[in-house]
Amino acid sequence: MGLFDKFWKSPKEKRAEEAHKRAMREDLDVYSGMRVEVTSGDGRVFLVAKLLELRGDRAQLEPGADGSLMARSDEPLNVTLRGYSSKENRTVIMKGMIRPGPNKMWQAEHLTLVDHMDEHRANIRVNTNMEGDFTLADRPSVPAEHCQIKNMGMGGVCIGTQARRDVGDSLLLQIDQLLELRDVPLHCQVLRIDDRKGGYFEYGCRFVDLDEETERRLFRAMYALYHGLYG
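Residues numbered from 1 in each chain as written. Predicted model: local features only at pLDDT ≥ 70, side-chain atom pairs only at ≥ 80, totals over all residues. Heavy atoms only, no water.

The next point concerns the pattern of salt bridges. Pairing between side chains becomes possible if they bear opposite charge and their charged atoms approach one another. Applying the stated criterion across every chain, the model contains 6 salt bridges. Measuring nitrogen to oxygen at the nearest pair gives 3.3 Å for the salt bridge that ties Arg58 to Glu109. Of the two residues, Arg58 is situated in strand β3 (residues 58–68) and Glu109 in strand β6 (residues 106–113); the sequence distance between them amounts to 51 residues. Put simply, Lys150 and Glu202 hold a salt bridge, and the shortest N to O gap is 3.9 Å. A residue pair is termed long-range when its members are at least 10 positions apart, and Lys150 in strand β8 (residues 145–152) and Glu202 in strand β12 (residues 200–207) qualify at 52 residues. On the basis of relative accessibility, which here comes to 13%, the residue Glu202 falls in the buried class. Several salt bridges share partner residues, and in doing so they unite Arg58, Arg99 and Glu109 into one network. (Salt bridge = Lys/Arg side-chain N within 4 Å of Asp/Glu carboxyl O. Helix = DSSP H or I, 4+ residues; strand = E, 2+ residues; numbered from the N terminus. Buried < 20%, exposed > 50% of the residue type's maximum accessible area, 1.4 Å probe, protein only.)

Here it is as structure tokens:
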């Protein structure tokens, strides 16, 4: 080895070092435990996982109840991770690379925060033309109201209806058109109301209190929607 060889670094090594230093400055460890959606370069969601053991620009990804919807291989993959930090009350978006790890885990590397993206939701939403019904979670005896499912993601849903509801209301939403969710009520909370013409309202809702089985079914339903399996 020459005198200066130990000081010379390849472009790949320099990029890795820069990413590590940037991650250390960004204190990514505050996002440990956050649930994230992992999307490939073409925007397809193939993994919903918990972000664990964040150290510098590296972390472990623990798949959700339904695991990964992508075959594991030795090739690293460039991905985007999207989640919501309850500590900071904001959407968190990261770029990085993942590769298979032991025991069905995934290894995330070269993680960096993305300062700005056009879509600031914690979860990707898919526009739909489906219909559903909902009742008030605390008043199950009240007749169900019909609604249109405007868009939907792992984190929530936007519904359109003529029924008047308030911010904070808890709803039980039924979407039987999604086979994966047939007879599975989704517990939602109204976060936003958008008045439309003619006594029509759109409600932005988030999913709350989903158990593991419901989350697994929702993941399968969203995978079908992401990939256009419902037209």
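What follows covers the environment of Gln177. Assignment of secondary structure puts Gln177 in the loop between β10 (170–174) and β11 (186–196). Overall, the relative accessible area of 42% leaves Gln177 in the partly exposed class. Taking C-alpha positions, Gln177 is 7.8 Å from Gly132, a pair spaced 45 residues apart along the chain. A polar contact of 2.7 Å, which involves the side chain of Gln177, links it to the backbone nitrogen of Glu131. (Polar contact = N/O pair within 3.5 Å; in protein donor to acceptor, adjacent residues only side chain to side chain.)

This brings us to a negative patch on the surface. Among the surface-exposed residues, Glu131, Asp133, Asp176 and Asp183 lie close enough to one another that they form a single negatively charged patch. Within the fold, Asp133 resides in strand β7 (residues 126–136). (Patch = residues over 30% accessible without salt bridge, like charges linked within 9 Å, V, L, I, M, F, W, Y side chains within 5 Å. Areas by Shrake-Rupley, 256 points an atom, 1.4 Å probe, with all protein chains shown as cover. Lys, Arg positive; Asp, Glu negative; His and termini not counted. Charge placed at Lys NZ, Arg CZ, Asp CG, Glu CD.)

With that out of the way, let us pick up the side chain of Thr214. By the element assignment, Thr214 lies in helix α2 (residues 212–226). Its relative accessible area of 10% is what places Thr214 among the buried residues. Discounting chain neighbours no more than four positions away, the residues touching Thr214 are Val184 and Leu186. (Contact = heavy atoms within 4.5 Å.)

Another point: the pairing of β7. Sheet topology places β7 next to β8; 7 bridges connect them, and they run antiparallel. Each bridged residue has a counterpart across the sheet, and for Val126 the counterpart in β8 is Met152. Examined bridge by bridge, β7 and β10 share 4 bridges and lie antiparallel to one another. Of the residues in β10, the one forming a bridge with Leu136 is Leu171. (Pairing = 2+ DSSP bridges.)

This part takes up the side chain of Thr128. Tracing the sequence through the fold places Thr128 in strand β7. Ignoring any residue separated from it by four or fewer positions in sequence, one finds Thr128 in contact with Ile149, Lys150, Asn151 and Leu225.

Bringing the sheet that holds β8 into the picture now. Taken together, the 6 strands give a closed barrel; going around it, the order is β7-β8-β9-β12-β11-β10, and neighbouring strands pair in antiparallel fashion. Pairwise comparison of adjacent strand axes, ignoring direction, gives a mean angle of 45 degrees for this sheet. Of the strands in this sheet, β7, β8, β11 and β12 touch α2, which is tilted by about 150 degrees from β7. (Axes fitted to C-alpha atoms, helices over the stretch in contact; angles between N-to-C directions.)

None of the figures reported here should be taken as evidence of function without further support.
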